[in-house]
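Close look at the chain arrangement
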Amino acid sequence: MTPSTADRNRKWIPELGAMLLILLSQMTSALEVPLDLPQPPTITQQSPKDNIFDPRENIIIQCEAKGKPSPSFSWTRNGSHFDVESDSKVLMRPSSGTLVIDISGEKAQAYEGTYQCTAHNEHGTAVSDNFVIRQSRSPLWSKERNEAISVQKGVSLVLKCRPPTGLPPPVIFWMDNNFQRLPLDQRLTQAQNGDLYFSNVLPEDTRSDYICYARFPHTQTIQQKQPISVTVLNSKPEGEHRPGFMLPQGSSSTKMVLRKETLVLECIAEGLPTPEISWLKDGVELTNSRVSFHNFKKMLKVVEVTEADAGDYQCTASNKLGSAQHMIKVTVKAAPFWISAPRNLILAPNETGILTCRVSGEPMPTISWFVNGVPLTNAPEDPSRKVEADTVILSSVQSGSSAVYQCNASNEFGYLLANAFVSVLAEPPRVLTPPNQVYKVITNNPALLHCASFGSPIPAITWFKDSHMSIKNSDSYVIHENGTLEILVAQPHNSGKYTCIATNNLGLKENHVYLEVKEPTRILKQPEYKVVQRGLSAVFECRVKHDVSLTPTITWLKDNGELPINERFKVEMESLTISDVTEEDEGSYTCFVNTPLDQDSATAMLTVVEIPDPPTDLELTDQTERSVQLTWIPGDENNSPTQKFLIQYEDLLHQPGTWNNLTEVSGTSTTAQLSLSPYVYYSFRVLAENNVGFSDPSLPSRQYRTNPAAPDENPTNVQGVGTGPGNLVITWTQLDGLQSNGPGLEYKVQWRQRDTGEDWLSQNVANDSTFTVTGTPTFVPYEIKVQAFNDYGSGPDPEVVIGYSGEDLPLSAPERVQILLRNSTRAEIHWEPVPAQSVRGQLQGYKTDYQEEVLTFKGNLSEVPLPSLQPYSVYKVFVKVFNNKGEGPPSPTKTFETPEGVPGPPSFLNVVNPSLDSLTLEWGPPKTNNGRLAGYTLKFQAVNNTNEVGPTKVMTFSANETTVTLSHLNASMLYKFYLSAKTIKGSGPDVTNEAFTVMDTAVPSRHVDIATQGWFIGLMCAIALLILVLLIVCFIKRNKGGKYPVKEKEEAHQDPEIQPMKEDDGTFGEYSDTEDHKPLKGSRTPSNGTVRRDESDDSLVDYGEGGDGQFNEDGSFIGQYSGKKEKDTHEGNESSEAPSPVNAMNSFV
């Protein structure tokens, strides 16, 4: 076991003169003696030092101990022997030292006192702590008469509680007659002693039922003080004044606190206004995590006090009129505490051991040594024992000198008592860790392999891996003092068998344990933050990787608690699905993966969003003729910030029931300045929009009416277009009700012909958006204006729009039409444009008509192309102009002829009557000659089997020739043909074909399948017939043989792979084959029928009289028999095969 380490910040550490001896004592102790070996008593369980008992219950004082032999117990009370057996109310539990005292019907005070337990056997005596046993008390409140208190407003006040002294002290609180606790605040404070402090009183503090209550925890009783009456007067109120301290009083005080306890400091001040309290320690603010403030900073607490908490604590009370300070000097004392407690020693005979009792405290404790409960000064002299202050040295101990030593360290604040036995044994090693234990650990974590052992002398521990590799302390391994092997960072290669060996001078003992290093459990796919609209589904993924030998358990938590029991929550293998989410589903969701060895977790948040709640409380302010300010209160955003507000209006006068969008403002605004129109009965509403969508509309605002006025604008989209000769139709877009600005809306339509100087003509139109002017000239420009007016005036001056009166058909045809030929397929047509006045409308373009094909060209053109003409053709063409009304008269017709061009390809090219050395070609004339046909050109070339092309041959033919026979060609050769027609302009495109010079009615393909040729089929049939004849001959010869002398030879050799032939049919008997044991099997032989001598010890030569190794009768065995299996794997793979027809045929060749 590793030694305990003292607090590095501790000041009360004794001199370090005996450090070497201390380390030695640590090395020789810390062993547990197995209970089957003799040992002195050891206290294993005992009651606390201070015990307060309830007189209604039994008193139980615990004292348990172990030892070999089992110890006996005795007790003292108040320093004298306590005869347990003589008191019928006292029972000592069997095989235990625990006392049970029945105080029913007795005076409990009779059993108060200080108790101590002693455990004894033949090897020594152990003693317990001193147990102080006291009865809980809840005394009654002393009778007193409380005088009524009258106090002026603004002064301070203290109401004394003075609770009775109880055991333990009572809990104090103030209440009224209705059992309602008085609310404490910065002005009203309850101090630790129970008194109630008013920093300044107010009229509302007047009451007659200030009652102090005391609750006693052990008896669960509550007692109350007589009510106190307080009257606050306002006749001479106290004015505002600087703070002053009510508790503690004066400018300074002192406070002592014990180490490890809680320091509580109070500062309660009076003043008007009520002062605020702040704290400093040694002139700086308190930032220690063990420091906390309570009662509006009037109380300071420091938990787990250390010597560093000593110092000067300054509390400051301040208000606007000044401040006051109080300094509290805190000192820290300490009851004895352990630096190194004495531990049990197991020593072999003639060994030396050390007991060390190192303590500290303030003041420094006094150390006293005892042996078997007797002070060492009164114990028999022992020359092997030497005492040096806090150390006992035992030299060359002998068998039978076992004992229990006690160390008592005490000062004015308490004591410490420790037992440590010295057991003298001679014991060979034993390993206490169970054998073959399997330790499992996760990769990269430390692994602890235990080897708890016992022996005297203390065994030395050595470790081996896989029974051969010795393990030493290194960067990877640590062998602890108790024998535990620690692998600092376990890796998969550390898995295996480990052996620990415990050795001392009396023998050795080994133990085997096993280590398995597992892969860590990790969440590969973690749940992600989700923002989900209410009513939809949220899916959290949690994909896990783990060691195959470990079974993970996946648990989902919500806000670190269990998932709600609801069918909407569906947990699957790697996911959590929440259906129909609600606001209550918001929170953190944690995927917790747990295996027997490790765990992992990942957390994600779920935010449930919804459309915003509608705005409320719409108000209209700052009202004018043309504007008003609208304000509202936004609704709940439902976790999605509002992006904008949409303001809509309803026109109750013109469009009741219809809501129109008016304007938008940002989502941070709660007001909007609205521009209004005259003569509208407005009602407004507001919608909020977030990422989810628009809220429901708010309730409508109150109605707001604007006064009528003249129109602010005129109609839009004013146009003037003639629909026929002699008219002009004027149209516009009417104003809506919001734009009318008042009743009696009409439109003043004005027009005049442009650039004529005429006066404006006008006409008023109501409830219409069209007016037709008649009797106009054909297609002339007009200036047009449309102005709105109502009962309250006219709109602004309207803009002038240009329109045109109606069109008529053009009067003139294009003149001077000319044709310009570019080539045999393309020409251009030119003309002179018609006069503008003859168009009588908007000129749209020209149309050309030739050979029943009409081309339309937009714009005022004077030439256009004529594409896609046929060569050697005659065309007639004319041109017309057109406007929106229609087409004008055609121009005079022009006739032109296109020149010749190259012809098209011949209509077909066929190959007929192929022979071995000739082919006949037939073709047809082109479908389009494009001129006078001059003849044909034929090109052809041979192509061999490797696709190599031979030289090209060229032949020409007259226009009336359409066939030719090509002779002197190569047989079975592929030929390619290219044929084109020609005019004086040249040759046209080719038509192609190809053919073989073989006798086949179909055009052969380039690749010939030999399997379809007749000569090849016949050859195969002949070969198959020959093979069949040879097989029949082979089997006839096999069946002719009888019993040969080879049978006796085989029986003499007893070769397991050679069996005799059956006598009835002369064939081989069953052949023993180690693979499949099929009949009629033998080894393959060379094709000449002989067996090589070096391949078989049983060659055929051994059976015959000659040396040629063959039979001379009918040769039926030649090529069919062999001895042992062939050794060459490539000849037989060491397996036998049945004679094949091919082998049989080969034997006759």
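Quick look at the structure, then. (Residues numbered from 1 in each chain as written. Predicted model: local features only at pLDDT ≥ 70, side-chain atom pairs only at ≥ 80, totals over all residues. Heavy atoms only, no water.)

Topic: the overall build of the chain
- Secondary structure assignment for the chain yields seven helices and 87 strands.
- Considering only residue pairs separated by 6 or more positions, the chain has 65% of its internal contacts joining residues 24 or more positions apart.
- With an accessible surface of roughly 61000 Å², the chain has 50% of that area assigned to carbon and sulfur atoms. (Helix = DSSP H or I, 4+ residues; strand = E, 2+ residues; numbered from the N terminus. Contact = heavy atoms within 4.5 Å. Areas by Shrake-Rupley, 256 points an atom, 1.4 Å probe, with all protein chains shown as cover.)

Examining the nonpolar core
- In this structure, Ile-59, Ile-61, Trp-75, Ile-101 and Tyr-115 are the most contacted members of the largest nonpolar core, which totals 29 residues.
- For this core, the secondary-structure elements that each account for two or more residues are strand E3 (59-61), strand E4 (63-68), strand E5 (72-77), strand E8 (99-101), strand E9 (113-121) and strand E11 (131-135).
- Those residues within four positions of Tyr-115 in sequence are excluded, and the remaining contacts are Ile-61, Trp-75, Thr-76, Arg-77, Phe-82, Ile-101, Asp-129, Asn-130, Phe-131 and Ile-133. (Core = buried A, V, L, I, M, F, W, Y, C linked by side-chain atoms within 4.5 Å. Buried < 20%, exposed > 50% of the residue type's maximum accessible area, 1.4 Å probe, protein only.)

Considerations on the sheet that holds strand E25 (residues 291-294)
- Taken together, the three strands give an open sheet; going across it, the order is E22-E26-E25, and neighbouring strands pair in antiparallel fashion. Here the strands that pair on one side only, and so sit at the sheet edges, are strand E22 (263-266) and E25. Direction aside, neighbouring strands of the sheet carry axes that sit 20 degrees apart on average.
- Here E25 runs beside strand E26 (residues 299-302); their pairing, made up of four bridges, is antiparallel. By the bridge assignment, Ser-292 is partnered in E26 with Lys-301. (Pairing = 2+ DSSP bridges. Axes fitted to C-alpha atoms, helices over the stretch in contact; angles between N-to-C directions.)

Overview of the state of the cysteines
- In this structure the tally under the stated criterion is six disulfides.
- At a sulfur-sulfur separation of 1.8 Å, the disulfide partner of Cys-267 is Cys-315. Disulfide Cys-267-Cys-315: torsion about the S-S bond near -70 degrees, hence left-handed. Here Cys-267 is found in the loop between E22 and strand E23 (268-272), whereas its partner Cys-315 is found in strand E27 (residues 311-319), with 48 residues between them in sequence.
- Between the sulfur atoms of Cys-542 and its disulfide mate Cys-591 the distance is 1.9 Å. Disulfide Cys-542-Cys-591: the torsion about the S-S bond is -75 degrees, which places it as left-handed. A residue pair is termed long-range when its members are at least 10 positions apart, and Cys-542 in the loop between strand E50 (538-541) and strand E51 (543-545) and Cys-591 in strand E56 (residues 587-594) qualify at 49 residues.
- On the basis of relative accessible area, Cys-542 is assigned to the buried category, the value being 0%.
- If the cysteines joined by disulfides in the chain are listed in sequence order, their pairing comes out as 1-2, 3-4, 5-6, 7-8, 9-10, 11-12. (Disulfide = S-S within 2.5 Å.)

Side note on unusual backbone geometry
- Between Lys-68 and the following residue, Pro-69, the backbone shows a cis peptide bond with an omega angle of 0 degrees.
- Note that Pro-69 resides in the loop between E4 and E5.
- For the bond running from Glu-362 to Pro-363, omega is 0 degrees, close enough to zero to count as cis.
- Structurally, the position occupied by Pro-363 is in the loop between strand E31 (358-362) and strand E32 (366-371).
- With a phi close to 50 degrees, Asp-622 is a non-glycine residue in the positive phi region.
- Inspection of the secondary structure assignment puts Asp-622 in the loop between strand E58 (616-621) and strand E59 (627-633).
- In the Ramachandran plot, Asn-913 falls in the positive-phi region, its phi being about 50 degrees despite a non-glycine side chain.
- The exposure class of Asn-913 is exposed, given its relative accessible area of 59%.

A few points about a negative patch on the surface
- Where like charges cluster on the molecular surface, the negative patch consists of Asp-613, Asp-636, Glu-637 and Asp-696.
- Assignment of secondary structure puts Glu-637 in the loop between E59 and strand E60 (644-651). (Patch = residues over 30% accessible without salt bridge, like charges linked within 9 Å, V, L, I, M, F, W, Y side chains within 5 Å. Salt bridge = Lys/Arg side-chain N within 4 Å of Asp/Glu carboxyl O. Lys, Arg positive; Asp, Glu negative; His and termini not counted. Charge placed at Lys NZ, Arg CZ, Asp CG, Glu CD.)

Quick word on the sheet that holds strand E47 (residues 507-518)
- Spatial ordering of the open sheet is given by E39-E47-E46-E42-E43, a layout of five strands whose pairing is mixed. At either margin of the open sheet sits one strand with a lone partner, and together these are strand E39 (437-442) and strand E43 (469-471). Strand after strand, the sheet turns through a mean of 30 degrees between neighbouring axes, direction not considered.
- Alignment of E39 against E47, held across six bridges, turns out to be parallel. Pairing of Gln-437 across the sheet is with Val-513, part of E47.

Focus on the environment of Lys-885
- Relative to the assigned elements, Lys-885 resides in the loop between strand E78 (874-883) and strand E79 (894-897).
- For the pair Lys-885 and Pro-725, spaced 160 residues apart in the sequence, the C-alpha separation amounts to 9.4 Å.
- Setting aside chain neighbours within four positions, we find Lys-885 in contact with Pro-725, Glu-807, Asp-808 and Leu-809.

A few points about the pattern of salt bridges
- This structure, assessed with the given rule, holds 38 salt bridges.
- As a salt-bridge pair, Arg-290 and Asp-309 come within 2.9 Å of each other at their nearest N and O atoms. A residue pair is termed long-range when its members are at least 10 positions apart, and Arg-290 in the loop between strand E24 (276-281) and E25 and Asp-309 in the loop between E26 and E27 qualify at 19 residues.
- Given the relative accessible area of 6%, Asp-309 is considered buried.
- Through salt bridges with shared partners, a single ionic network connects Asp-36, Glu-427 and Arg-430.

Details of the side chain of Ser-575
- Here Ser-575 shows up in strand E55 (residues 575-578).
- We classify Ser-575 as buried; its relative accessible area is 10%.
- Setting aside its immediate chain neighbours within four residues, Ser-575 contacts Val-539, Phe-540, Glu-541, Cys-542, Trp-556 and Lys-570.

Quick look at the pairing of E60
- Here E60 lies mainly inside the structure; seven of its eight residues are buried.
- Looking at chain direction, E60 and strand E61 (residues 655-666) are connected through eight bridges and run antiparallel. Paired with Glu-650 across the two strands is Trp-659, which belongs to E61.
- Count of turn residues in the E60/E61 antiparallel hairpin: three residues.
- In this structure, E60 lies alongside strand E63 (residues 681-689), joined through eight bridges in antiparallel fashion. By the bridge assignment for E63, Leu-646 is matched with Leu-687.

Remarks on a nonpolar patch on the surface
- Together, Leu-1025, Leu-1028, Val-1029, Ile-1032, Val-1033 and Ile-1036 give the surface a local cluster of nonpolar side chains, amounting to about 540 Å² of exposed area.
- The topology assignment puts Leu-1025 in helix H4 (residues 1014-1038).

Overview of the packing of aromatic side chains
- Within this structure, the stated rule accounts for 19 aromatic pairs.
- Their ring planes at 65 degrees and their centres at 6.1 Å tell us that Tyr-850 and Tyr-875 sit as a pair that is edge-to-face. Taken together, the residues Tyr-850 in strand E75 (residues 843-850) and Tyr-875 in strand E78 connect sequence positions 25 residues apart.
- Accessibility expressed as a relative area gives 7% for Tyr-875, which makes it buried.
- Between the aromatic rings of Trp-923 and Phe-957, the centroid separation amounts to 5.3 Å while the plane-to-plane angle is 50 degrees, which identifies the pairing as tilted. Of this pair, Trp-923 sits in strand E81 (residues 919-926) while Phe-957 sits in strand E83 (residues 953-957), and the two are 34 residues apart along the sequence.
- The class for Trp-923 is buried, based on a relative accessible area of 3%.
- Members of the aromatic cluster, each reached through a chain of ring pairs, are Phe-173, Phe-179 and Tyr-213. (Phe/Tyr/Trp six-rings, centres within 6.5 Å; stacked < 30°, edge-to-face > 60°.)

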